[in-house]
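So you can see what is in the structure, the chains are spelled out below.
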Amino acid sequence: MRATTIDRAQGAHPLLVALAAWFVPGAGHLWTGQRSKGLIFLLVLPAMFATGLAIDGRIFPFEPQQPLVALAALADLGIGLPYFIARAMGAGAGAVLSVSYEHGNTFIIVAGLLNLLVACDAWDIAAGKK
Amino acid sequence: MRSHFALLVLFSAFVSIVFAVLMRDEVKAQAAFGARLFGAFVVGAIVAGWLMLPFPW
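Heads up: these notes are all about the structure in this document. All of these numbers come straight from a predicted model, not from anything done at the bench.

## Here we look at the interface of chain A and chain B
- Contacts between the two partners involve 24 residues from chain A and, on the opposite side, 16 residues from chain B.
- Along the contact surface separating chain A from chain B lie one salt bridge.
- The salt bridge involving K37 of chain A is made with D25 of chain B; its shortest N-O contact spans 2.8 Å.
- Connecting chain A to chain B are two residue pairs in polar contact (both at pLDDT 80 or more).
- Secondary structure elements with two or more residues in the side of chain A that touches chain B: α4 (35–54) and α7 (101–126) of chain A.
- No other element matches α4 of chain A, which puts nine residues into the side of chain A that touches chain B.
- By residue class, the composition of the side of chain A that touches chain B is 14 nonpolar, six polar and four charged.

Given below as structure tokens:
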């Protein structure tokens, strides 16, 4: 199992694996042969992002004059493809008067940050460090 | 779903699953680590909420 993972990882450039892992949650682990981990990330991270949207969370815009909002926007972008799908569908407007608005923001932001962490892990696997 | 506690439990579950899968390789170790993490999240949040109870703001 481990030999297979390393063999597969050696065939791919770590940057490509990390980019794939960012764009599609779990894709980096699937690419490097860690199928069960990849499938779990593929299910859990978009589900967390979608939950955030469903409970009135907001996808923050890039506003450089408001550094905290810009950082939140970067974290939102961390989820990859689901972010672009949500933007294309017009989701993520946020409802600031909703009781779960802040919870939704937290779900969306943390889903993005977790996906970035998963992408870093995929990078390490592809580079043979794990 | 608008219950703060239910959202806390759901958030804890999502984060615990991801960290457990990320940091452990064996299924048994993932389950044990995930359960511990989940418990720490939920209990920690309840304790923190209880400690903040006396503060009016």
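Here the narrative resumes, following the displayed structure.
## Remarks on α4 of chain A
- Under the 1.5 Å per step criterion, the end-to-end length of α4 of chain A is 28 Å for 20 residues, consistent within 8% with the ideal 28 Å.
- Those residues of α4 of chain A not exposed but buried are K37, G38, F41, V44, L45, M48, F49, T51 and G52 of chain A.
- In the core, the buried residues of α4 of chain A are packed alongside α3 (27–31), α5 (67–77), α6 (81–88) and α7 of chain A together with α1 (4–23) and α2 (27–52) of chain B.

## Quick notes on the packing of aromatic side chains
- Per the counting criterion, the structure on display carries six aromatic pairs over all chains.
- Here Y83 of chain A and F84 of chain A contribute two aromatic rings whose centre-to-centre distance is 5.2 Å and whose plane-to-plane angle is 90°, an arrangement assigned as edge-to-face.
- With 5.4 Å between their ring centres and 70° between their planes, F107 of chain A and F11 of chain B make a pair best called edge-to-face. Of this pair, F107 of chain A sits in helix α7 while F11 of chain B sits in helix α1, on two different chains. For the residue pair F107 of chain A and F11 of chain B, the accessibility class agrees, reading buried in each case.
- An aromatic cluster is built from W22, F23, Y83 and F84 of chain A, whose rings are joined through pairwise contacts.

## Here we look at α6 of chain A
Residue and element names in this part refer to chain A.
- For α6, the complete set of buried residues consists of P82, Y83 and A86. End-on, the buried residues of α6 take up no more than an arc of 105°, which puts them together on one face.
- Residues of α6 that are buried sit in contact with α2 (14–23), α4 and α5.
- Phi turns positive one or two residues past the end of α6, at G90, with a value near 75°.

## Concerning the side chain of S12 of chain B
Residue and element names in this part refer to chain B.
- Of note, S12 is situated in helix α1.
- One polar contact links the side chain of S12 to the main-chain carbonyl oxygen of L8, over a distance of 2.7 Å.
- When near neighbours in sequence (up to four residues on either side) are disregarded, S12 contacts F38, F41 and V42.

Criteria and thresholds
What you see as residue numbers is a count from 1 along each chain, following the sequence as written. A letter from A marks each chain and a number from 1 marks each ligand, given out in the order of writing. Reporting of local features is limited, given that this is a predicted model, to residues whose pLDDT is at least 70; pairs of side-chain atoms are given and counted only at 80 or more, and all residues count toward the totals for whole chains, interfaces and linings. Excluding hydrogens and water, the side-chain values take into account all heavy atoms of the structure. Note on contacts: a residue pair qualifies if any of its non-hydrogen atoms lie within 4.5 Å across the two residues. What counts as a salt bridge is simple: a side-chain nitrogen of Lys or Arg found within 4 Å of a carboxyl oxygen of Asp or Glu. In protein, a polar contact requires one atom able to donate a hydrogen and another able to accept it; more generally it is a pair of N or O atoms within 3.5 Å, and residues adjacent in sequence count only if both atoms are side-chain atoms. Each helix is a run of DSSP H or I of at least 4 residues and each strand a run of E of at least 2, with the numbering of both proceeding from the N terminus. Any residue outside Ala, Val, Leu, Ile, Met, Phe, Trp, Tyr, Cys, Pro, Asp, Glu, Lys and Arg is labelled polar, Gly included; the first ten of those are nonpolar and the last four are charged. Under the convention used throughout, the expected extent of a helix is 1.5 Å for every residue step, that is, one less than its residue count. We call a residue buried when its accessible area falls under 20% of the maximum for its residue type, exposed when it is over 50%, and partly exposed in between, using a 1.4 Å probe and counting protein chains only. Ring geometry is summarised as follows: Phe, Tyr and Trp rings, the Trp one being its six-membered ring, pair when their centres sit within 6.5 Å, and such pairs are stacked at plane angles under 30 degrees, edge-to-face over 60 and tilted between the two. For this quantity, the arc is that covered by the directions from the helix axis to the C-beta atoms.

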